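# Commentary on secondary and tertiary structure
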Amino acid sequence: MNSVIERQLPVAEAIARLLHPHAEVVVHDIARNCVAAIYNGFSQRQVGDVSHLTEADMPQLDDCLGPYPKTNWDGRALKSVSSVLRDDQGNAVGLLCINFDVSQLRLMQQVIDSFIQPKEMIEQPEALFSDDWHERINHYVHQYLLDHQLTLDSISRRDKKNLVGHLQDVGAFSGKNAATYIARVLQISRATVYKYLQETGTNNEITN
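Residues numbered from 1 in each chain as written. Predicted model: local features only at pLDDT ≥ 70, side-chain atom pairs only at ≥ 80, totals over all residues. Heavy atoms only, no water.

## Topic: unusual backbone geometry
His20 connects to Pro21 through a cis peptide bond whose omega is 5°. One can find Pro21 in the loop between helix 1 (3-19) and strand 1 (23-29). Pro67 follows Gly66 through a cis peptide bond whose omega is 5°. Looking at where Pro67 falls in the secondary structure, it is placed in strand 3 (residues 64-71). The phi angle at Asn33 is positive, at roughly 55°, despite the residue not being glycine. By the secondary structure assignment, Asn33 is in the loop between strand 1 and strand 2 (34-39). The partly exposed category is assigned to Asn33, whose relative accessible area is 24%. Although it is not a glycine, Gln187 sits at a positive phi angle of roughly 60°. (Helix = DSSP H or I, 4+ residues; strand = E, 2+ residues; numbered from the N terminus. Buried < 20%, exposed > 50% of the residue type's maximum accessible area, 1.4 Å probe, protein only.)

Here it is in structure tokens:
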């Protein structure tokens, strides 16, 4: 076995162990046009099987190929990526391929989609939500975070202050005890909410 290929075998095995049982790793020997090693094999191939590689095509390949789709022998969908192994002169001597089984993930996606499928949802009943200021605050907060590429987990003190000012501008403080709810959402005290409003100059017309 080519020494370049042999040195990559521990890497191939490590990847297979990490992604077990969802991925197999196949190492091809280009000169011999055969499978040099296979870890967590589920594609019905074995060491020594023909690789169906054309040595003349190797120089035209990028060092990393994919990801690209494949279909396993049993119909399972695979997501694959291949890395060309080269010697010190830059000649392609091997190919390390990772085949990741995404069939179970697709089944999970279908289950999730069945629960959140938009076509099965109706608009919020106006009679139930016409005066739901909690819902409006939730919408204002998360729309602001989305627009500014922020998350509640990582938002800074300055961002919280700006968000409080924005909530006042859009009328989020009109509901009774809205300041208390906003403080709870932002994980700060109500006193801090009023402090931010003072600092941004938007502390008028707040319902306690």
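## Examining helix 5 (residues 157-169)
Helix length check: helix 5, at 13 residues, gives a terminal C-alpha distance of 19 Å against a target of 18 Å (1.5 Å per residue), a fit within 8%. Regarding helix 5, the residues found buried are Lys160, Leu163, Val164, Gly165, Leu167 and Gln168. Those residues of helix 5 that are buried lie in contact with helix 4 (133-147), helix 6 (178-186) and helix 7 (190-200). Gly171 lies just past helix 5 and shows a positive phi near 85°. (Expected span 1.5 Å × (residues − 1). Contact = heavy atoms within 4.5 Å.)

## Points about the packing of aromatic side chains
What the rule picks out here adds up to zero aromatic pairs. Sitting over the ring of Phe42, Arg76 keeps its end group 5.1 Å from the ring centre. (Phe/Tyr/Trp six-rings, centres within 6.5 Å; stacked < 30°, edge-to-face > 60°. Lys NZ or Arg CZ within 6 Å of the ring centre and 35° of its normal.)

All we've got here are geometric facts, nothing functional implied.
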